[in-house]
Amino acid sequence: VEVKNLNSIKQVIAAAEYEAKRQAVAHLEGNPTKRETRTFEVKTGRTVVIRAKEGAVDYRFTPEPDLPPLVLNEDVLDGMGTIDA
């Protein structure tokens, strides 16, 4: 997931927190996270899809070499709480 159109550090933090919870809930429900571009809506505090990346030739995933893999265990996921996704 890529989130675009973030205009402040506050929006970056809010979008990252929302996405972490949204993706954790999706994982716990057995729904894989889709490859998509989302934007952050300040009024609702949520991210929304602006375009899907599935099958798009223009999108290629390249791992960031300076970031280690993020592994979330059950304790971390249980501590995420719930959201209205």
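Conventions and cut-offs
- Residues numbered from 1 in each chain as written.
- Predicted model: local features only at pLDDT ≥ 70, side-chain atom pairs only at ≥ 80, totals over all residues.
- Heavy atoms only, no water.
- Helix = DSSP H or I, 4+ residues; strand = E, 2+ residues; numbered from the N terminus.
- Contact = heavy atoms within 4.5 Å.
- Buried < 20%, exposed > 50% of the residue type's maximum accessible area, 1.4 Å probe, protein only.
- Polar contact = N/O pair within 3.5 Å; in protein donor to acceptor, adjacent residues only side chain to side chain.

(A) Structural context of the overall build of the protein. Scanning the protein for helices and strands turns up two helices and three strands. When the helices and strands of the protein are read in sequence order from the N terminus, they spell out β-α-β-β-α. By sequence separation, contacts in the protein at least 24 residues apart represent 56% of the contacts at least 6 residues apart.

(B) The arrangement of the side chain of arginine 38 in detail. Structurally, arginine 38 can be placed in strand S2 (residues 36-41). What makes arginine 38 buried here is its relative accessible area of 7%.

(C) Seen up close, unusual backbone geometry. Of note, the phi angle at asparagine 5 is positive, near 65°, even though the residue is not glycine. Looking at the element boundaries, asparagine 5 is found in the loop between strand S1 (2-4) and helix H1 (9-28).

(D) Up close: the side chain of threonine 39. Along the chain, the position of threonine 39 falls in strand S2. Within the local environment of threonine 39, its side chain forms a polar contact with the backbone oxygen of lysine 4, the two atoms lying 3.3 Å apart. With near-sequence residues (within four places) excluded, threonine 39 lies in contact with Val3, Lys4, Asn5, Arg46, Thr47, Val48 and Ile50.

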